[in-house]
Amino acid sequence: MIAKQPPPAPAADGPGEPADEDPRRRRSRSRLLDAATNLLSSGGVEAVTVEAVTKASKVARTTLYRHFDNSAALVTAAFERLIPPVAAPPAQGTTRERLITLMDAIAESIEGAPLHLTVFGWLAIGPDRAAAGDTDADADTDAASLRERVVAQYREPFDALLDSPEVRKEIGDYDNTLAMLQLTGPMVFARLAALPPVDREQRARIVDDFLTARQAPATGAREGTRTLTS
């Protein structure tokens, strides 16, 4: 007689939630995230307040704080539901192929997200105000925590690719933030300006232009050296 196998544990409902969580706790978390996600999608970050989420979800404030330390943690979880992290670029292939694949993933994320969240994510990529000496930003730890999570979702795949030895050898010593702005800027501008999305052929052209520009200075330097030594 074959022993009956126990049913598999339910999947975790969101980042950091154990799969064997008490069903009632999981249900309350899911209701909170449903409410927060709807508010974030319709009204932006400012709409996701503890009061609004508890009212919409009909979950008590004390229960909310058992799941999330603060409103920033709740917004972050809702943001991750709406805009999943961009997949890491493939480890194999030419620099061009890997950049185009990453651009495809970024394009899908940009086009699939509500417009105001695209704006929020784009602004988060910019310089850190606290690092730039903005004292008001130092006190806003919740916003800083959310910003760091957003930056990680968009930037980490680019950093991982651009910092790899083979890519760095090809493009030289180059600022990753500037590279990301140059590569993804046209896609975001098209989204914000309600223009047709940048298609794959255009994304490939953007990558080609970026790589050509990075190779041009080295070529020019070599030609200049040959001229001086001839």
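Before reading further, recall that the structure is shown in the block above.
Residues numbered from 1 in each chain as written. Predicted model: local features only at pLDDT ≥ 70, side-chain atom pairs only at ≥ 80, totals over all residues. Heavy atoms only, no water.

## A closer look at helix 5 (residues 95–112)
Using the following cut-off: Labels follow the DSSP assignment, with helices taken as runs of H or I lasting at least four residues and strands as runs of E lasting at least two, numbered in each case from the N terminus. Working rule for helices: expected span equals 1.5 Å times residues minus one. Each residue gets one of three labels from its accessible area relative to the maximum for its type: buried under 20%, exposed over 50%, partly exposed in between, using a 1.4 Å probe on protein chains only.
Here helix 5 contains 18 residues, and its C-alpha end-to-end distance of 26 Å stays within 8% of the 26 Å for a straight helix at 1.5 Å per residue. Within helix 5, the full set of buried residues consists of Thr 95, Arg 98, Leu 99, Ile 100, Leu 102, Met 103, Asp 104, Ile 106, Ala 107, Ser 109 and Ile 110.

## As for the packing of helix 1 (residues 23–43) against helix 4 (residues 71–82)
Stated formally: To obtain each axis, a line is fitted to C-alpha atoms, and for helices this fit is confined to the stretch in contact; angles are then taken between N-to-C directions over 0 to 180 degrees. Here the angle decides the label: under 35 degrees means roughly parallel, over 145 means roughly antiparallel, 65 to 115 means roughly perpendicular, and every other value means oblique. Should any heavy atoms of two residues lie within 4.5 Å, those residues are counted as being in contact. Classes in brief: Ala, Val, Leu, Ile, Met, Phe, Trp, Tyr, Cys and Pro nonpolar; Asp, Glu, Lys and Arg charged; the others, Gly included, polar.
With their axes 9 Å apart at the nearest point, helix 1 and helix 4 run at an angle of 75° to one another. With respect to helix 4, the element helix 1 is oriented roughly perpendicular. Residues Ser 30, Leu 32, Leu 33, Asp 34, Ala 36, Thr 37, Leu 40 and Ser 41 of helix 1 lie in contact with helix 4, whose contacting residues are Leu 74, Val 75, Ala 77, Ala 78, Phe 79, Arg 81 and Leu 82. Tallied by class, the residues present in the contact of helix 1 with helix 4 amount to ten nonpolar, three polar and two charged.

## Some details on the pattern of salt bridges
The criterion, for reference: Salt bridges are defined as contacts in which a side-chain nitrogen from Lys or Arg sits within 4 Å of a carboxyl oxygen from Asp or Glu.
Scanning the model with the defined rule gives nine salt bridges in all. Here Arg 81 and Asp 34 are joined by a salt bridge, their closest N and O atoms 2.6 Å apart. Placement of Arg 81 in helix 4 and of Asp 34 in helix 1 is noted, with a sequence separation of 47 residues between them. Here Arg 200 and Asp 104 are joined by a salt bridge, their closest N and O atoms 2.7 Å apart. Placement of Arg 200 in helix 11 (residues 200–229) and of Asp 104 in helix 5 is noted, with a sequence separation of 96 residues between them. A relative accessible area of 18% means that Asp 104 is categorised as buried. Linked by salt bridges that have partners in common, Asp 104, Arg 200 and Arg 203 make up one network.

## Some thoughts on the side chain of Asn 176
Operational definition: Any N or O atom pair separated by 3.5 Å or less is treated as a polar contact, with the protein-specific requirement of one donor-capable and one acceptor-capable atom, and with residues adjacent in sequence counted only for side-chain atom pairs.
Relative to the elements of secondary structure, Asn 176 occurs in helix 10 (residues 176–192). Here Asn 176 falls in the buried class, since its relative accessible area comes to 10%. Of note is the side chain of Asn 176, whose polar atom sits 3.0 Å from the side chain of Asp 159. If we ignore the near neighbours within four places in the chain, the residues touching Asn 176 are Arg 155, Asp 159, Leu 162, Asp 163 and Arg 168.

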